Amino acid sequence: MTPPLDIHTVTSRTVSHSWDPNNLSTSPTATFNSPPSSWGGALAHRGAPKQLKPFNTQDIKILLLENVNTTGQDILRGQGYQVEALKTSLPEDQLIVKIRDVHVIGIRSKTKLNQRVLKEAKNLLVVGCFCIGTNQVDLEYAARHGIAVFNSPFANSRSVAELVVAEIIALARQLGDRSSEMHRGTWNKVSAKCWEIRGKTLGIVGYGHIGSQLSVLAEAMGMNVIYYDVVTLMALGTCRQVPTLDNLLEEADFVTLHVPDLPETRGMISTTQFEQMKHGSYLINASRGTVVDIPALVKAMRSGKVAGAALDVYPNEPDANGDYFTNNLINWVEDLRSLNNIILTPHIGGSTEEAQRAIGIEVADALVRYINQGITLGSVNLPEAQLRSLTLDEPNHARVIYIHRNVPGVLRKVNEILGGHNVDKQISDSKGDVAYLMADISNVRYEEIKEFTENLEALSSCIMTRVLY
Ligand SMILES: NC(=O)c1ccc[n+]([C@@H]2O[C@H](COP(=O)([O-])OP(=O)(O)OC[C@H]3O[C@@H](n4cnc5c(N)ncnc54)[C@H](O)[C@@H]3O)[C@@H](O)[C@H]2O)c1
């Protein structure tokens, strides 16, 4: 292997690139390009996807903080990247020192990647949030500097759906109250107002990743399931979509909420909706705390209109574990705590070992796809773009990625630069001020790559240029 040569992928960023100018068909990371031997001979390789690599993979430095699940660490190490994994987050000043050196950072919810930190991240290509939320990252600043951010929004759907199943039965049988009584030494064997769930109607508001999984589980337990969603969606199993929220509230014995936090969903369940619900029905909210008007719920439960509720999310949630669920958090907390048959959990819907493992895999895969192929599918801050893979039949092809300011005339200038080459395929998309272009160029020589990279970087619209091969 020849010593690595430098190709500047970002103005002022230097990352080493192991391009061999004498033999364009020899990837410096050939071991990663080789399909398993069981594929049987060179002919079988023809047409197979070629795994692109940006530079010598040994040069990709990754810092993982906050004890990212080993599933994710293994995938990244398996690529040959240099991975440093720490169990905790870092104080901001230490983070600033560390982040200067790395191409990739993986975090969970405690590490704040604000402008001050990101400004120092001169080599950073991508951030992996090994969690659901991304509000710990300044997404706009990252996008304006060509840094992609990925997360894992749906890896814990099953965990939430299972929690809701447990809560449906627990509320119908008043399990929380019976258990607390026993913990206090009280034997209270009752059957009044305790029900089987078989034959009862579950109303799911929001039939997305969680809502739809829940419908299958609930039907398996003998429930009738109806759902309301702003989008017309095909039912799984034998459940049925109802046209309005009113219809759902009037018909359901159990109402469970699975909508996102949007202006339209804030306070979506309030006094009027509680009045529409059946007398003695139940409410479950494991979506977002803003969706339910909690003082209205307290009133509906005190009147007996709502026979039980389970809340996993709140309009205001503490940052850390501890004795924070008091009126100091929000003034109705003590009212909630005083109610019977209400299950209060600290936003644990998605908190399972399985979900953490799935998050590790999903985010690490997204990082590898982005580092090796430039694919931005699932990015929360860059336009989502993908091109079909280059194949092993195309050894001398290169993929050019040009992240740029979304201003008029850029494509014409880029095409003038790339125009002398055979551009096999190209895609461009924009999101706000930032646009993302990928082009696959065939039969390209090292000198040519160097030249057009420099020309692209000289354009005033350039945020970042990367070349993968
Ligand atoms: N408790 C937890 O730990 C936990 C974990 C994961 C997700 N969540 C939350 O659960 C909720 C659902 O997550 P998901 O992954 O199923 O989301 P999703 O995006 O897959 O599904 C949401 C569904 O709600 C529908 N919807 C949007 N606005 C609506 C409206 N006004 N009325 C009716 N339907 C509407 C959408 O069309 C979509 O089908 C989100 O709020 C998410 O943040 C909570």
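Just so you know, these numbers come straight off a predicted model, no measurement behind them. (Residues numbered from 1 in each chain as written. Predicted model: local features only at pLDDT ≥ 70, side-chain atom pairs only at ≥ 80, totals over all residues.)

## Here we look at the nonpolar core
Part 1 of the argument: Ranked by size, the top nonpolar core spans 70 residues in total, and within it V126, V127, F150 and L367 carry the most contacts.
Part 2 of the argument: Residue contributions to this core peak at nine residues, all from helix α13 (residues 353-373).
Part 3 of the argument: When residues of this core are assigned to domains, at least three map to each of domain 1 (61-151 + 355-373) and domain 3 (398-468).
Part 4 of the argument: Setting aside anything within four residues of it in sequence, one finds F150 in contact with V126, G128, C129, V363, A366, L367, Y370, G378, S379 and V380.
Part 5 of the argument: Residues V165, L171, V225 and F274 belong to the second largest nonpolar core, which totals 50 residues. (Core = buried A, V, L, I, M, F, W, Y, C linked by C-beta atoms within 7 Å. Buried ≥ 20, exposed ≤ 12 C-beta atoms within 10 Å, placed from the backbone. Helix = DSSP H or I, 4+ residues; strand = E, 2+ residues; numbered from the N terminus. Domains from an automatic or database assignment. Contact = placed C-beta atoms within 7 Å.)

## Some remarks on the sheet that holds strand β18 (residues 462-468)
Part 1 of the argument: In spatial order, the strands read β16-β17-β15-β18; together these four strands make up an open sheet with antiparallel pairing. Strands with a single pairing partner mark the edges of an open sheet, and in this sheet they are β16 (422-431) and β18. The sheet shows a mean angle of 15° between the axes of neighbouring strands, direction not considered.
Part 2 of the argument: Here β16 runs beside strand β17 (residues 434-442); their pairing, made up of nine bridges, is antiparallel. Bridge pairing links K431 to V434 in β17.
Part 3 of the argument: Along the sheet, helix α14 (residues 410-418) makes contact with β15 (398-405), β16 and β17, crossing β17 at roughly 20°.
Part 4 of the argument: Packing against the sheet, helix α15 (residues 446-458) makes contact with β15 and β18, and its axis sits at approximately 165° to β18. (Pairing = 2+ DSSP bridges. Axes fitted to C-alpha atoms, helices over the stretch in contact; angles between N-to-C directions.)

## A look at the site of the ligand
Part 1 of the argument: The ligand sits among 31 residues. The nearest are G206, G208, I210, G349 and G350.
Part 2 of the argument: Of all elements in the fold, only α6 (157-172) and α8 (209-220) reach the threshold of two or more residues within the shell around the ligand.
Part 3 of the argument: Of the residues forming the shell around the ligand, the biggest block, three residues, is contributed by α8.
Part 4 of the argument: Taken together, the residues of the shell around the ligand break down into 14 nonpolar, twelve polar and five charged. (Near = placed C-beta within 6 Å. Nonpolar A, V, L, I, M, F, W, Y, C, P; charged D, E, K, R; others polar.)

## What about the pairing of strand β4 (residues 82-85)?
Part 1 of the argument: The sheet contact formed by strand β3 (residues 61-64) and β4 spans four bridges and is parallel. Bridging from a neighbouring strand, I62 pairs with V83 of β4.
Part 2 of the argument: What joins β3 to β4 is helix α2 (residues 70-78), and the crossover it makes is right-handed. (Right-handed = clockwise from strand over helix to strand, strands pointing away.)

## Quick look at the environment of G176
Part 1 of the argument: Counting through the fold element by element, G176 comes out in helix α7 (residues 175-183).
Part 2 of the argument: Between the alpha carbons of G176 and N340 there is a distance of 8.7 Å; along the sequence they are 164 residues apart.
Part 3 of the argument: Residue contacts for G176: discarding those within four places in its chain leaves A170, N341 and I343.

## Observations concerning the pairing of strand β9 (residues 224-228)
Part 1 of the argument: Of all five residues making up β9, four are buried, and the element is well covered by its neighbours.
Part 2 of the argument: Inspection of the sheet shows strand β8 (residues 201-205) paired to β9 by five bridges, in the parallel sense. Across the sheet, the residue bridging to I204 is Y227, located in β9.
Part 3 of the argument: Across two bridges, the pairing between β9 and strand β10 (residues 240-241) is parallel.

## Here's the deal with unusual backbone geometry
Note: most residues except glycine have negative phi, and most peptide bonds are trans.
Part 1 of the argument: A positive phi angle, near 60°, is found at K193, a position not held by glycine.
Part 2 of the argument: One can find K193 in the loop between α7 and β8.
Part 3 of the argument: Owing to 13 C-beta atoms within 10 Å, K193 belongs among the partly exposed residues under this scheme.
Part 4 of the argument: Positive phi, close to 50°, is recorded for N341, a residue that is not glycine.
Part 5 of the argument: Mapped onto the secondary structure, N341 falls in the loop between α12 (333-337) and β14 (342-344).

## So, the confidence of the model for the protein chain
Part 1 of the argument: Chain-level pLDDT for the protein chain is 88 on average; 88% of the residues reach the 70-or-more range.
Part 2 of the argument: Below pLDDT 50 for its whole length, residues 1-46 participates in 71 contacts with residues either more than four positions away or in separate chains. (pLDDT = per-residue confidence, 0-100.)

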